[in-house]
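In case you want the letters, here they are:
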Protein chains: 2
Amino acid sequence: MEIVEGTITLKVPEGSKEVLLKNLYLSCDPFMRNLMNKPQGTETSSGAIGGFGVSKVIDSGSPDYKYGDLVWGLTKWEEYSLVPSSQIISKIQHTDGVPLSYYTGILGMPGVTAYAGLFEVGSLQKGERVFVSAASGAVGQLVGQFAKLTDCYVVGSAGSKDKVDLLKNKFGFDEGFNYKEEPDLNAALKRYFPEGIDVYFENVGGKTLDAVLLNMRVQGRIPACGMISQYNLTQPEGVTNLANIVYKKIRMQGFHFFDYVNLYPKFLEFVLSHLKEGKIVYVEDIAEGLENGPAALVGLFSGRNFGKQVLLVAPE
Amino acid sequence: MEIVEGTITLKVPEGSKEVLLKNLYLSCDPFMRNLMNKPQGTETSSGAIGGFGVSKVIDSGSPDYKYGDLVWGLTKWEEYSLVPSSQIISKIQHTDGVPLSYYTGILGMPGVTAYAGLFEVGSLQKGERVFVSAASGAVGQLVGQFAKLTDCYVVGSAGSKDKVDLLKNKFGFDEGFNYKEEPDLNAALKRYFPEGIDVYFENVGGKTLDAVLLNMRVQGRIPACGMISQYNLTQPEGVTNLANIVYKKIRMQGFHFFDYVNLYPKFLEFVLSHLKEGKIVYVEDIAEGLENGPAALVGLFSGRNFGKQVLLVAPE
């Protein structure tokens, strides 16, 4: 990744139906790593990497958007981006009492991802036993809180003592542990789930998944959101306990945010009401300036971020 | 396993509601290997291992069964078995034109397993691309034929040239290959599925699953019936390509016959009509005599059987 300077005319080209955005906040998300693997990915062809962000409309060739609208959706890592209007997920209507940056997280893609993964893909039921990895991250912190709102028993794993404290003291998880300090992940899970796990929200893959499979309950579900521990390995770790999927009739299912965009209005109503009542909290780690973007993005893979990693590009 | 001799009174004990069965055919099924792992499995406590079979009722404490009824369900590997009537899956009504042994296979548990796995768990749609491993076995041969009846493109893998010939010449698979002669399973799958696999019916696990994951299509499904290649390993093989479950939004789901027993009447109607029209065929490998049971059962794990492995205990 490198910073490239250039000039851009702040007008949508004559006859174009695209929208010109001033990017305010950019979202650092693990899935972006995989876009970079694509040898001819359209996301990288312009030179700027693509990702989610919160932006202000500067000019518009689309009748649906006008100067000054605040929007969130797929944009590019640059100061101004010209994008097809189809890349905008939603206009931002609610700004009272919630930071605009939340639309890269709890009120944006990670929020819908946690919601759809738990309730649609994971078929979460009241009172079930839930485990989530990368639990202090953008999606994980919401998974845990949504599950607690569903009267579930919730345990999360994270990569430092401070993050584990966050889980227990701020997000209201029942338990949390630092996976880096557990020599035997299977034993750790047995300690926290003596009766097994109903739903494992999968964010990391590898050794954690392998230990989880030994501890799943019959007819357990594994909504698979990501496998961040594996993305940067040339040879991914081998998972050896998959026969448990057969023995225990486990359903493991990968899913992407884009298949659940239609849930957004329902989701927004759910989460805004809980946010306003203080029943959900959200922790962000905000880096400032495009020039600090690469380090912020790369930091996700070593767990440098504390909460959802956001990049502030320009104040509103 | 050892043969034990004993005597039994051919009457249901006074006051018991159990049913006394004379076992005619016993079914050799891979899942039985896992029952034997249980340190205190009820299935082994009597000394005789449990499994599916076709039996004749000799005496009955249950009003639902009477002397002379032919039944199939869970029995034990012995000449006569006293079982709770709840272990009987069904009375056998149709015997015209179909061998009684078929109720250990195409008309029994393996048949329902293939049917439920493909259509319920695998959500198979007309015209999809289907791959099945252990394809000449009890379940695999039916999976392939049911998928062909659904206008699908079907490829199977098996462990010998003769078995592959069976797939193509007798069961009507589009293609088949001998996995033992493929140095690169990924390349083999790419050859047969240049556009990828919609449904992989999983019977074997391990290296085959790992190669399949690289070749699944977006929103593909993997009904997981068994992982026979792994059951006898002290250290199961590591599967490294699971991140494809996330990338491609794959749904992998383990399932057991017992959750789909309610489909049996509908299934029986479906399969009997096709059998009578000659649109489905079934190949069995029948060993004779209880004393040859252990070798027949163990043979499943090296692929010694040619078609569904059955054990004839007593002629009707």
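Each remark here, short or long, concerns the structure printed above.
Residues numbered from 1 in each chain as written. Chains lettered and ligands numbered in written order. Predicted model: local features only at pLDDT ≥ 70, side-chain atom pairs only at ≥ 80, totals over all residues. Heavy atoms only, no water.

### Points about the sheet that holds strand β6 (residues 129–132) of chain A
Across the sheet, twelve strands lie side by side as β8(A)-β7(A)-β6(A)-β9(A)-β10(A)-β11(A)-β11(B)-β10(B)-β9(B)-β6(B)-β7(B)-β8(B); this open sheet has mixed pairing. Unpaired on one side and paired on the other, β8 (175–178) of chain A together with β8 (175–178) of chain B mark the two borders of the sheet. Taken over all neighbouring pairs, the strand axes of this sheet differ in orientation by 15° on average, direction set aside. One ladder, built from four bridges, connects strand β10 (residues 216–224) of chain A with strand β11 (residues 251–254) of chain A; its direction is parallel. In the sheet register, Ile-222 of chain A faces β11 of chain A, and the bridge partner there is Met-252 of chain A. Here helix α7 (residues 206–215) of chain A sits on the sheet in contact with β6, β9 (197–201), β10 and β11 of chain A, set at roughly 150° to β10 of chain A. Packing of helix α5 (residues 161–170) of chain B onto the sheet brings it into contact with β7 (153–158) and β8 of chain B, and relative to β8 of chain B it is tilted by some 175°. (Pairing = 2+ DSSP bridges. Helix = DSSP H or I, 4+ residues; strand = E, 2+ residues; numbered from the N terminus. Axes fitted to C-alpha atoms, helices over the stretch in contact; angles between N-to-C directions. Contact = heavy atoms within 4.5 Å.)

### Digging into α5 of chain B
All names here are of chain B. Lys-163, Val-164, Leu-166 and Leu-167 are the residues of α5 that are buried. One face of α5 carries all of its buried residues, which in axial projection span an arc of 150°. Opposite the packed face of α5, turned more than 90 degrees from it, sit the exposed residues Lys-161, Asp-162 and Asn-169. Here the buried face of α5 lies against β7 and β8. Gly-172 occupies a position one or two residues after α5 and carries a positive phi of about 75°. (Buried < 20%, exposed > 50% of the residue type's maximum accessible area, 1.4 Å probe, protein only. Arc of directions from axis to C-beta.)

### A short note on the relation of the copies chain B and chain A
For the pair of chain copies, the relating operation is a rotation around an axis with a shift along it. It takes a turn of 180° to lay chain B on chain A, together with a shift of 0.0 Å along the axis; the resulting RMSD is 0.0 Å. Each copy turns onto its partner about a two-fold axis. For chain B, the residue whose C-alpha comes nearest the rotation axis is Gly-238 of chain B, separated from it by 1.9 Å. Taken together, the interface assignments show that 100% of the residues at the interface of chain B recur at the interface of chain A, consistent with an identical surface on both copies. (Least-squares fit on C-alpha atoms with pLDDT ≥ 70 in both.)

### Focus on the packing of helix α3 (residues 109–121) of chain B against helix α4 (residues 140–149) of chain B
All names here are of chain B. The contact between α3 and α4 brings their axes to 9 Å, and the two run at 50°. Looking at the two axes, α3 sits oblique to α4. You can see that α3 and α4 cross each other, and the crossing is right-handed. Here Pro-110, Gly-111, Ala-114, Tyr-115, Leu-118 and Phe-119 of α3 come into contact with α4, specifically with Leu-142, Val-143, Phe-146 and Ala-147. Residue composition of the contact of α3 with α4, by class: nine nonpolar, one polar and no charged. (Parallel < 35°, antiparallel > 145°, perpendicular 65-115°, else oblique. Left-handed = near helix turned anticlockwise from the far one by under 90°. Nonpolar A, V, L, I, M, F, W, Y, C, P; charged D, E, K, R; others polar.)

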